[in-house]
Amino acid sequence: MTTDATAAGEPALTIDELAARAGVTVRTVRFYGTKGLLPPPVLGPRRVGHYGGEHLARLALIEELQHQGMTLAAIERYLQQLPADLSAHDLAIHRAVVASWAPDVMETVTREELQRRAGRTLSDDDVERLAAMDVVRREDAAYRVDLGLLRLGVRLLDMPLSQEAILASRKVLIEHSRAAAHELARLFRGEVSERDARDVKSLSADMEPLVVQALLTTFQRSLKEELRQWSSQADGSA
């Protein structure tokens with residue numbers, strides 16, 4: 001895994017900035033570093049350590065694994081099995097697969113806790129945009145938050161897309177995902193209809209992460225191809 005935070009145009013973060021963005025403490029970042037869960041930072045002028053997007057993505061993956069109930073020792077073994085050169089994008093995809101195994105998690109939190117979980121300060125406009133994405137719901141003086149979607153929603157806040165485009169994209173994804181889930185369920189139902197109920201539950205538990213990973217991989221490759229064709233057309237018309 002490369003640790004050159006500026007090589008690919010990624011933000012160079014100090015340890016304090018990394019901790020704030022990840023929603024953890026500086027002590028936690030240092031601890032993960034000593035355990036080998038995080039690669040060392042790049043040393044800049046005056047030997048100040050700088051971190052990049054890969055460190056943020058790895059911290060998010062560690063957090064997700066903790067939500068799954070894994071111990072620190074189990075997380076160490078898990079991360080050791082991953083390729084050493086995974087990019088921030090690859091780690092984000094990996095985290096999405098891990099997150100799909102977890103049940104929906106909704107919590108009621110204060111504004112301060114919401115910002116801590118988000119890893120950044122949230123303006124009133126930010127909270128309104130998260131609410132429009134159905135990530136956060138205001139409940140009197142507190143906030144009902146979908147923890148599985150919070151980090152995704154926060155990342156979308158910084159995307160150069162209008163709120164309308166984001167909401168339209170969400171609608172497309174939900175509609176097509178439900179259609180795919182319905183067709184897959186119909187297909188699997190025919191395969192397991194004659195089996196014992198315990199076998200059906202076991203098969204369902206085993207199939208879910210495999211199907212989600214297959215869908216993510218297929219979608220990722222399809223999107224790359226669409227963007228490649230779009231880029232080629234744009235270059236041709238320039």
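Everything here concerns the structure above.
Parameters at a glance
Residues numbered from 1 in each chain as written. Predicted model: local features only at pLDDT ≥ 70, side-chain atom pairs only at ≥ 80, totals over all residues. Heavy atoms only, no water. Helix = DSSP H or I, 4+ residues; strand = E, 2+ residues; numbered from the N terminus. Buried < 20%, exposed > 50% of the residue type's maximum accessible area, 1.4 Å probe, protein only. Contact = heavy atoms within 4.5 Å. Areas by Shrake-Rupley, 256 points an atom, 1.4 Å probe, with all protein chains shown as cover. Pairing = 2+ DSSP bridges. Axes fitted to C-alpha atoms, helices over the stretch in contact; angles between N-to-C directions. Salt bridge = Lys/Arg side-chain N within 4 Å of Asp/Glu carboxyl O. Polar contact = N/O pair within 3.5 Å; in protein donor to acceptor, adjacent residues only side chain to side chain.

Caption draft 1: Main features of the overall build of the protein chain. In terms of helices and strands, the protein chain carries ten helices and five strands. Per-residue burial for the protein chain yields a buried fraction of 29% across its 238 residues. A separation threshold of at least 6 residues defines the contact pool for the protein chain, and within that pool the share at least 24 residues apart is 65%. A total accessible area of about 15,300 Å² is found for the protein chain, and carbon and sulfur atoms account for 55% of it.

Caption draft 2: Structural view of the sheet that holds strand β5 (residues 142–146). Overall, antiparallel pairing links the three strands, which are arranged β3-β5-β4 in an open sheet. Pairing within the sheet leaves two strands with one partner each, and these edge strands are β3 (106–109) and β4 (136–139). Neighbour-to-neighbour, the strand axes of this sheet turn through a mean angle of 25°, independent of strand direction. Relative to β5, β4 is paired through four bridges, and the arrangement is antiparallel. What sits directly across from Arg-137, in β5, is Arg-144. Packing of helix α6 (residues 111–118) onto the sheet brings it into contact with β3, β4 and β5, and relative to β3 it is tilted by some 130°. Each of β3 and β5 touches helix α8 (residues 147–157); the most contacted strand, β5, lies at about 90° to it.

Caption draft 3: Molecular detail of the pairing of β5. Within β5, four of the five residues are buried, which leaves the element mostly enclosed by the surrounding structure. Pairing of β3 with β5, which is carried by four bridges, proceeds in the antiparallel orientation. Within the sheet, the bridge partner assigned to Thr-108 lies in β5 and is Arg-144. The antiparallel hairpin formed by β4 and β5 contains two residues in its connecting segment, where Asp-140 sits at a positive phi of about 55°.

Caption draft 4: The arrangement of the pattern of salt bridges in detail. For the structure shown, the criterion picks out nine salt bridges. Salt-bridge contacts for Asp-124 lead to Arg-111; the nearest nitrogen and oxygen are separated by 3.1 Å. Highlighted residues: Asp-124 in helix α7 (residues 124–132) and Arg-111 in helix α6, separated in sequence by 13 residues. Judged by relative accessible area, Asp-124 falls into the exposed class, the value being 54%. Taken together, the shared-partner salt bridges connect Glu-107, Glu-113, Arg-116 and Arg-117 into one network.

Caption draft 5: Looking closely at the side chain of Arg-117. Residue position: Arg-117 is located in helix α6. Of the polar contacts made by the side chain of Arg-117, one reaches the side chain of Glu-107; its length is 3.2 Å. Among the polar contacts listed, one links the side chain of Arg-117 to the side chain of Glu-113, at a separation of 2.7 Å. The contacts of Arg-117, once residues within four sequence positions are left out, are Glu-107, Leu-147, Leu-150 and Arg-151.

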